[in-house]
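This is what each chain is made of:
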Amino acid sequence: MPLALLALAVGAFGIGTTEFVMMGLLPDVADDLHVSLPTAGHLVSAYALGVVIGAPLLAAVTARMSRRTVLIGLMVLFVVGNALSALAPGHESLLAARFLSGLPHGAFFGVGAVVATTMAAPERRARSVSLMFLGLTVANVAGVPAATLAGQHFGWRATFLGVSVIGLAAIASLALLIPRDHTHGPATGLRGELAALRSVPVWLALGTTVAGFGALFAAYSYVTPMLTDSAGFAESGVTLLLALFGVGATVGNLLGGRLADHATRGTLFGGLASLALVLALFPVLMRAEWSAALAVTLLGTAAFVTGSPLQLMVMEKAASAPSLASSANQAAFNLANAGGAWVGGLALAAGFGVTSPAVAGAVLAVLGLGVAGVAYAVDRRAVPAGRQRLVVAHVPEHQETVRS
């Protein structure tokens, strides 16, 4: 695996840290800016909105640019957004800074996934994507807890200054390690990138992302009350359990990348089925502390097994212009975040019990399996029996044919 993947992982680590650290800092931010906790919660939504808007927009407008230049530019925007967050004088300015911080998120992962696959051998494409996403999962294990602890001791502004430093390290890593001669943008440009979104298989892959990761966030958004009210954990122990989720996500991410290189669709089906099973068992597993800890770990593993195959499938369905579709998959991930939390909230509001969001998530995982099944059927109908479908992936200096 090329060392350049380390540069992508450093950027992913910074992005993952700034995305999730706000949840732990909300009470401190609310007190310091003299706003209510629900009002401070809009800062989380502002970041997610920036991701959804920025992912396809920035990928589209930079379609003809060198991907190396695009990645560095996106990290510059990331640093500016976090520095402005640290210096924000009030809630409104912090809201705008968080939106700005979210803009480069999806495009970085989208373009970065394309760069990662072009630098890896064909049989290691999914693993290369998983190594980039390793920065995101490790952020949940180490980055977010450390940044939250620093914010609680030195003030929340220090956290965002620290994240800005991580962004500067990512810029230096990208400049030093990403080769100049393997990251040119596709000749299709903006029109070709937009044409990729007219593909039904691309939209089916994006729909699988929304349903599959919506299943995760339906449960994860309400995992704290499950752990305290059902499993009996003290609130002080929840942070450690969330770190276990990060460990599970890291294992699942690496496992999914390795398996997807051998069977992309099989890994996706297996991951979604495992996720549905784990979520369906949550009401039982949340009855004791040891099984609840196991459930949280397995949730991270099952969910993130699907990450690399989903990203790879979206890129393959839009093989002639993958950057926009790949970035759109990151927007779909954040839609899943918001939509899954909403579905889980409906289950709670209906009075079905504290673990009911997990059961609702299991239903979403089954729905994701259904969408993936439809995508498989569409592919089977599009390819005559007995013939292999060839996907041509753009590689800067030559065209490489990859069997899928």
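Residues numbered from 1 in each chain as written. Predicted model: local features only at pLDDT ≥ 70, side-chain atom pairs only at ≥ 80, totals over all residues. Heavy atoms only, no water.

Asks: Before we move on, can you summarise the overall build of the chain with the specific residues and values?
Replies: Across its full length, the chain holds 16 helices and two strands. Buried residues in the chain amount to 56% of all 404 residues. For the chain, the proportion of contacts with a sequence separation of at least 24, taken over those separated by at least 6, is 82%. (Helix = DSSP H or I, 4+ residues; strand = E, 2+ residues; numbered from the N terminus. Buried < 20%, exposed > 50% of the residue type's maximum accessible area, 1.4 Å probe, protein only. Contact = heavy atoms within 4.5 Å.)

Asks: How would you explain the packing of helix α15 (residues 322–349) against helix α16 (residues 356–382) if you had to name every residue and give the values?
Replies: For the pair α15 and α16, interaxial distance at closest approach is 8 Å and the crossing angle is 135°. It follows from the interaxial angle that α15 and α16 lie oblique. Crossing geometry of α15 relative to α16 is assigned as right-handed. Where α15 approaches α16, its residues V343, G344, A347 and L348 are matched on the opposing element by S356, P357, A360 and L364. Here the residues of the contact of α15 with α16 are counted per class, giving six nonpolar, two polar and no charged. (Axes fitted to C-alpha atoms, helices over the stretch in contact; angles between N-to-C directions. Parallel < 35°, antiparallel > 145°, perpendicular 65-115°, else oblique. Left-handed = near helix turned anticlockwise from the far one by under 90°. Nonpolar A, V, L, I, M, F, W, Y, C, P; charged D, E, K, R; others polar.)

Asks: Break down the environment of L26 for me, with residues and values.
Replies: Mapped onto the secondary structure, L26 falls in helix α1 (residues 4–33). When near neighbours in sequence (up to four residues on either side) are disregarded, L26 contacts L37, A40, G41 and V44.

Asks: Break down the layout of surface pockets for me, citing the residues and quoting the values.
Replies: Put simply, the largest pocket is a space of about 1,200 Å³. Contributing to the lining of the largest pocket are 34 residues, with F20, M23, G24, Y220 and L242 lying nearest its centre. When contributions to the lining of the largest pocket are tallied by element, the ones reaching two or more residues are α1, α3 (42–61), α6 (125–154), α9 (200–220), α10 (223–230), α11 (238–260) and α15. Along the lines of polarity and charge, the residues of the lining of the largest pocket split into 21 nonpolar, eleven polar and two charged. (1 Å grid on protein atoms, 1.4 Å probe; cavity = no way out; pocket = protein on both sides within 12 Å on 5 of 7 lines; lining within 4 Å. Points joined across faces, edges and corners; volume = space filled by probe spheres on them.)

Asks: Break down α3 for me, citing the residues and quoting the values.
Replies: The terminal C-alpha atoms of α3 lie 28 Å apart, and with 20 residues this matches the ideal 28 Å at 1.5 Å per residue to within 8%. Residue G54 marks the point of greatest curvature in α3, where the axis turns by about 35°; the proline P56 follows within four residues. Within α3, burial applies to L43, A46, Y47, G50, V51, G54, A55, A59 and A60. (Expected span 1.5 Å × (residues − 1). Bend = angle between axes of the 7 residues up to and from the residue.)

Asks: Give me the environment of G112: which residues, what numbers.
Replies: Within the element layout of this structure, G112 appears in helix α5 (residues 91–119). According to the relative accessible area criterion, G112 is buried, its value standing at 0%. C-alpha of G112 to C-alpha of M132: the two residues are 20 residues apart in sequence and 7.7 Å apart in space. Discounting residues that sit within four places of it in the chain, G112 has contacts with L8, L71, A107 and M132.

Asks: Can you explain the pattern of salt bridges? Please cite residues and give values.
Replies: All told, the structure shown has five salt bridges when counted by the stated rule. Of the charged contacts in the structure, one is a salt bridge between R157 and D32, with a shortest N-O distance of 3.8 Å. Residue R157 is located in helix α7 (residues 156–177), and its partner D32 is located in helix α1; the two are separated by 125 residues in the primary sequence. A residue is classified by how much of its surface remains accessible, and D32, at 39% relative accessible area, is partly exposed. Where D261 meets R127, a salt bridge forms, and the shortest distance between an N and an O atom there is 3.0 Å. With D261 in the loop between α11 and α12 (264–285) and R127 in helix α6, this pair connects stretches of sequence that are 134 residues apart. Each member of the pair, D261 together with R127, is buried. Within this structure, R265, K317 and D379 form a network of salt bridges that share partners. (Salt bridge = Lys/Arg side-chain N within 4 Å of Asp/Glu carboxyl O.)

Asks: An account of the confidence of the model for the chain is needed here, citing residue identities and associated values.
Replies: Per-residue pLDDT for the chain has a mean of 84; in total, 90% of the residues score no lower than 70. By mean pLDDT, the top-scoring element of the chain is α12 (95), and the lowest-scoring one is strand β2 (residues 398–403) (39). (pLDDT = per-residue confidence, 0-100.)

Asks: Residues and numbers for the packing of aromatic side chains, please.
Replies: Scanning the model with the defined rule gives nine aromatic pairs in all. Arranged with centres 5.5 Å apart and planes meeting at 80°, the rings of F217 and F333 form a pair that is edge-to-face. Linking F217 in helix α9 with F333 in helix α15, this pair joins segments that are 116 residues apart in sequence. The exposure classification of F217 matches that of F333, with both residues buried. Taken together, the ring pairs connect F213, F217, Y220, F245, F304 and F333 into an aromatic cluster. (Phe/Tyr/Trp six-rings, centres within 6.5 Å; stacked < 30°, edge-to-face > 60°.)

Asks: Residues and numbers for the nonpolar core, please.
Replies: Grouped together as the largest cluster of nonpolar side chains are 44 residues, with contacts concentrated most on L216, L227, L275, L279, F282 and M286. Elements represented by at least two residues in this core include exactly α9, α10, α11, α12, α13 (289–305), α14 (307–317), α15 and α16. Beyond its immediate chain neighbours, meaning those up to four positions away, L216 contacts F245, L275, L299, A303 and F304. In terms of nonpolar packing, the next biggest core, distinct from the first, is built from 36 residues, F109, V115, L136 and V144 among them. (Core = buried A, V, L, I, M, F, W, Y, C linked by side-chain atoms within 4.5 Å.)

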